[in-house]
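A closer look at the structure
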Amino acid sequence: MKTISSVAELRKACQQWRNAGERIGLVMTMGNLHQGHIALVDEAAKTTEHVITTIFVNPMQFDRVEDLEAYPRTLEQDSKMCKEAGVEILFTPSVEEIYPAPIDTVSQIHVPGFVDRLEGSSRPGHFVGVATVVNKVFNMVMPDVTVFGQKDIQQLLMIQKMVRDLNMPIEVIGLPTVRETDGLAMSSRNNYLNEQERVTAPKFNQVLTKMVKRVTEGETDYRSLEDEAMQELLGYGFGKDYVEICRIEDFLPAQAGDENLIVVAAAWMGSARLIDNIQIPG
Ligand code: PAF
């Protein structure tokens, strides 16, 4: 595995592969890797000859400086995991390499629509930061395939929309959320949980699973179900963010009779902001 931190060197390696007619898979991360990330690498490797993984804690997508500063940086361990997973290039640029000009002067990508709700409204500016950095890295690598996790469902759908809207010849694959054995969605932010919080954290997924069951059994008063779920989470000690049953195509609140529904939620456990979602069968 080669570790590269310059954009020019990354482009050169990708160009050589493309000239040879070989397919490139891209997995973008912010590091502090876990098995969920490795599943993305494995998926990318299924249909491409070369997998590139990026580790870049992107300042443009953080709405709180404390969050950016506290974000876990574990490059040595991450590098080992990537090597074992068969990654060929690990791209670890500096902030200056990605943003040579001051960040507030950089052109931005705004994907309109559902992106402004839920995660978008809880974290102002977040998705502009994500879409911009993803776009930049797509332009550097020009991958054939890229893989993102379904845990960040709005992010995944936003990237798929951006790729469609801007005619990028890239297949964007969404991989089901990888979970701990107790149901907690794997996330780098789980490292912020202390022992007691880690014991309580799986309740988050359990509450959402219960909502899904009740909807599949025929309940359609979605707003009451959301209120109940929120009360239950608060009762377990979670801090409030959102719980919503919405339509997956536009992330608007679901009404009785709507189809293709998803439960999406974010909640705080101590200093960890957890997010999760479950698609409702049928
Ligand atoms: O999901 C993430 O880790 C980040 O939002 C991403 C896609 C790597 C962009 O910085």
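Just so we're clear, the structure is a prediction, and the values are computed from it rather than from any experiment. (Residues numbered from 1 in each chain as written. Predicted model: local features only at pLDDT ≥ 70, side-chain atom pairs only at ≥ 80, totals over all residues. Heavy atoms only, no water.)

1. A short note on the site of the ligand
Around the ligand sit M28, T29, M30, N58, Q61, V130, V133, F148 and Q155, and those are all the residues in its vicinity. Taken by itself the ligand offers 290 Å² of open surface, and the protein chains cover 89% of this. Contributions of two or more residues to the shell around the ligand are made by β2 (24-29) and α7 (126-141). Taken together, the residues that form the shell around the ligand break down as 5 nonpolar, 4 polar and no charged. (Near = heavy atom within 4 Å. Areas by Shrake-Rupley, 256 points an atom, 1.4 Å probe, with all protein chains shown as cover. Helix = DSSP H or I, 4+ residues; strand = E, 2+ residues; numbered from the N terminus. Nonpolar A, V, L, I, M, F, W, Y, C, P; charged D, E, K, R; others polar.)

2. Thoughts on the packing of aromatic side chains
Scanning the model with the defined rule gives 4 aromatic pairs in all. An angle of 35° between the planes, with centres 5.8 Å apart, marks the rings of F204 and F238 as tilted. Placement of F204 in helix α10 (residues 202-216) and of F238 in the loop between α11 (222-236) and β7 (239-247) is noted, with a sequence separation of 34 residues between them. Each of the two residues, F204 as well as F238, counts as buried. (Phe/Tyr/Trp six-rings, centres within 6.5 Å; stacked < 30°, edge-to-face > 60°. Buried < 20%, exposed > 50% of the residue type's maximum accessible area, 1.4 Å probe, protein only.)

3. Quick word on the packing of α7 against helix α8 (residues 153-165)
Their axes nearest at 11 Å, the elements α7 and α8 cross at an angle of 50°. Judged by the inter-axis angle, α7 sits oblique to α8. Note on packing geometry: the crossing formed by α7 with α8 is right-handed. Residue-level inspection shows F127, V130, A131, V134, N135 and F138 of α7 in contact with α8, the latter providing Q154, Q155, M158, I159, M162 and V163. Classifying every residue of the contact of α7 with α8 by side-chain character gives 9 nonpolar, 3 polar and no charged. (Axes fitted to C-alpha atoms, helices over the stretch in contact; angles between N-to-C directions. Parallel < 35°, antiparallel > 145°, perpendicular 65-115°, else oblique. Left-handed = near helix turned anticlockwise from the far one by under 90°. Contact = heavy atoms within 4.5 Å.)

4. Comments concerning the sheet that holds strand β4 (residues 89-91)
If you walk across this open sheet you meet the 6 strands as β1-β4-β3-β2-β5-β6, and the pairing is parallel. Looking along the sheet, the strands with just one partner apiece sit at the ends: β1 (2-4) and β6 (171-175). The sheet shows a mean angle of 25° between the axes of neighbouring strands, direction not considered. Direction of pairing for β2 relative to strand β5 (residues 145-149): parallel, over a ladder of 2 bridges. Counterpart to L26 in the pairing with β5 is T146. Contacts from helix α1 (residues 7-19) reach β1, β2, β3 (50-55) and β4, with the element oriented near 150° to β4. (Pairing = 2+ DSSP bridges.)

5. Re the pairing of β6
Of the strand pairs in this sheet, β5 and β6 are connected by 5 bridges, and their pairing is parallel. Bridge pairing in β6 links T146 to V172. For the crossover that starts at β5, traverses α8 and ends in the parallel β6, the hand is right-handed. (Right-handed = clockwise from strand over helix to strand, strands pointing away.)

6. So, the confidence of the model for the protein
Counting all residues, the mean pLDDT for the protein is 97, and 100% of those residues have values of 70 or more. Within the protein, no element has a lower average pLDDT than helix α3 (residues 65-70), which sits at 90, and none a higher one than β2, at 99. (pLDDT = per-residue confidence, 0-100.)

7. Details of the sheet that holds strand β9 (residues 272-279)
Spatially, 3 strands are ordered β7-β8-β9 in an open sheet, and the strand pairing comes out antiparallel. The open sheet terminates on both sides in strands that have one partner only, identified here as β7 and β9. In this sheet, adjacent strand axes meet at a mean angle of 10° when their direction is disregarded. As paired strands, strand β8 (residues 261-269) and β9 are joined by 8 bridges and run antiparallel to one another. Paired with V263 across the strands is I278, a residue of β9. Across the sheet, α10 lies against β7, β8 and β9, angled at about 25° from β9, the strand it touches most.

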